[in-house]
Amino acid sequence: MDLQNLSFKQTRHLLLDKQITAVEIANYFLARTKEIDPKIKAFITITEKEIIDQAQRIDEKIKKGEKLGKLAGAVMAVKDIFLTKGIQTTSSSQVLNGYIPQYSSSIYQKLIDEDVMIIGKTNTDPFAFGASTENSGYFTTKNPWNIEMVPGGSSGGSAAAVAADLCHFALGTDTGGSIRQPSSLCGVSGIKTTYGRNSRYGITAMASSFDCPGVFARDVEDIALVTEITAGLDPHDATTCDIEVPKYTENLKKINIKGLKIGLPKEYFTGSIDPEVKEKVLNAAKEFEKQGAILVDISLPSTDLGIAVYYILIPSEISANMARYDGIRFGQSVDGAPDIVSYYMQTRGKYMEPEVKRRILIGTYALSSGYYDAYYTKAAKVRTLIKNEFVEAFKNVDVILAPCSPTPAWKIGAKVNDPLQMYLADVYTVCINVAGVPGLALPCGFNNQNLPIGFQLIGNFFEEEKLFSLGHQFQQFTDYHQKRPQL
Ligand code: GLN
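Residues numbered from 1 in each chain as written. Predicted model: local features only at pLDDT ≥ 70, side-chain atom pairs only at ≥ 80, totals over all residues. Heavy atoms only, no water.

Draft legend 1. Structural context of the packing of helix H9 (residues 306–321) against helix H11 (residues 354–367). Running from N to C, H9 and H11 point in directions that differ by 100°, and their axes come no closer than 7 Å. One finds that H9 runs roughly perpendicular with respect to H11. Two secondary-structure elements touch here, H9 through Tyr311, Ile312, Ile314, Pro315, Ser316, Ile318 and Ser319 and H11 through Arg359, Ile360, Ile362, Gly363, Thr364, Ala366 and Leu367. Residues belonging to the contact of H9 with H11 are distributed by class as follows: nine nonpolar, four polar and one charged. (Axes fitted to C-alpha atoms, helices over the stretch in contact; angles between N-to-C directions. Helix = DSSP H or I, 4+ residues; strand = E, 2+ residues; numbered from the N terminus. Parallel < 35°, antiparallel > 145°, perpendicular 65-115°, else oblique. Contact = heavy atoms within 4.5 Å. Nonpolar A, V, L, I, M, F, W, Y, C, P; charged D, E, K, R; others polar.)

What follows is the structure in structure tokens.
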């Protein structure tokens, strides 16, 4: 049976109707991944044994008439920065080559408890530092729509795996855009949740006050279902909130588009934006207008400070978080260093990728006693300004609609030797992380070279339900999310 064009929901019906077994589903995805992945290189590890074990467990439950988890029948890929007990977790850095975690991240565990099947661990920029997967210590993932192009990043492996139908959904993290930007470049959907909505426990930390785990899928309905399971208070993560998790999947039609006010921030449609991206994103806004929404021009004046603020604050947090990879507590280490200082220097010098070193250097500099007030404190103050502008905007509009990326996917190699150009690719995503609000990326068309273009719906704090409802309805009156690359 060809499962390629089926959503998780449709696949689950087949499983429950006994038209297919979990082992057959697992074998279908394994065969497809083995055939397609060598072309796009989405995976660092394919978990053949685990997926078959899980599938057999599900079939056993069905045979015995036992209750099935909500995700029985679903195949999931996991960004390689989520700890998965007993399965290698590299964070796409040579530092963690061969590292087998002793425990699992909370979110992954919640999904396993609902009978999800894991197909493998996906490539990313090392520790999620990047926008194209080219910084990975292993290899570059290719965009399924055109294998000469980047898939975006850092969660490019997860986005590519969904775009190529190698799984039903994939886990990622978004610290400055790493779910929304690769979604946009690969033509899939993805949610960056409100900071504190999904637990960060057991995910290698990038910048702890920014990191937001989330999920990629083709259909918003699948994203809503997964988020309904992952979201909520986690005793292991003190920044998760004790705010009730709505039944997202039951409320997908809840928001009435008629009369809904959608803000279009002028700063996101000027400057370096590619004309085709601008046109397609504005067309998406017009699709909502046709359904009765009211488009409102708004301004988020500090948007142009976003990149500067982000690239001071996140390296600062990174420089602290990376201290643990010293070859003693975690990570690979060199042999034969004459003393402890040389041991650290040689170990970190040998195994850390250039972008990892760059961020540690920038962060250590920004936090050093002579510069702390000039850089870190200033950036932290502007962070509050940016956040307040979102809070103000949401007094006048229900959601904000904006592009995710100023351009479609670019050629592999085009920016990799120019870190500043790479950082500028994040211009439309970082402010949402600086503020901490949620954003849902959705595909909205293609450029003249058949490369996908996406947009994001940005909501107020903890308004994922609204975003899912609007995203789902958008996918009912458009069909961009159903388009598939030729592979
Ligand atoms: N591209 C951004 C960066 O390099 C975002 C990374 C992320 O969200 N993990 O920092």
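Still more ground to cover, so stick around.
Draft legend 2. Examining the environment of Gln19 more closely. Within the secondary structure, Gln19 sits in the loop between helix H1 (8–16) and helix H2 (22–40). In this structure Gln19 comes out as partly exposed when scored by relative accessible area, which is 46%. A C-alpha to C-alpha distance of 9.6 Å links Gln19 and Met1, two positions 18 residues apart in sequence. With sequence-adjacent residues up to four places away left out, Gln19 is seen in contact with Met1 and Leu14. (Buried < 20%, exposed > 50% of the residue type's maximum accessible area, 1.4 Å probe, protein only.)

Draft legend 3. Summary view of the sheet that holds strand S5 (residues 189–192). Pairing is mixed in the open sheet, where eleven strands are placed in the order S1-S3-S2-S4-S6-S5-S10-S11-S9-S7-S8. Looking at strand neighbours, the two that pair on one side only are strand S1 (43–46) and strand S8 (294–298), the edges of this open sheet. Each neighbouring strand pair of the sheet contributes to a mean axis angle of 30°, computed without reference to strand direction. Here strand S7 (residues 261–265) runs beside S8; their pairing, made up of five bridges, is parallel. Within S8, the position partnered with Pro265 by the bridge is Ile298. (Pairing = 2+ DSSP bridges.)

Draft legend 4. Inspection of a nonpolar patch on the surface at higher detail. A cluster of nonpolar side chains, contributed by Ile328, Ile340, Val341, Tyr344 and Met345, occupies part of the molecular surface with about 500 Å² of accessible area. Here Tyr344 shows up in helix H10 (residues 340–351). Take Tyr344: its relative accessible area is 33%, and that puts it in the partly exposed class. (Patch = residues over 30% accessible without salt bridge, like charges linked within 9 Å, V, L, I, M, F, W, Y side chains within 5 Å. Areas by Shrake-Rupley, 256 points an atom, 1.4 Å probe, with all protein chains shown as cover. Salt bridge = Lys/Arg side-chain N within 4 Å of Asp/Glu carboxyl O.)

Draft legend 5. Quick look at the pattern of salt bridges. The final tally for this structure, using the stated rule, is 19 salt bridges. Measuring nitrogen to oxygen at the nearest pair gives 3.0 Å for the salt bridge that ties Lys61 to Asp115. Linking Lys61 in helix H3 (residues 48–64) with Asp115 in the loop between helix H4 (106–113) and strand S3 (117–122), this pair joins segments that are 54 residues apart in sequence. A relative accessible area of 23% means that Lys61 is categorised as partly exposed. The partner of Lys254 in a salt bridge is Glu465, with the nearest N and O atoms 3.3 Å apart.

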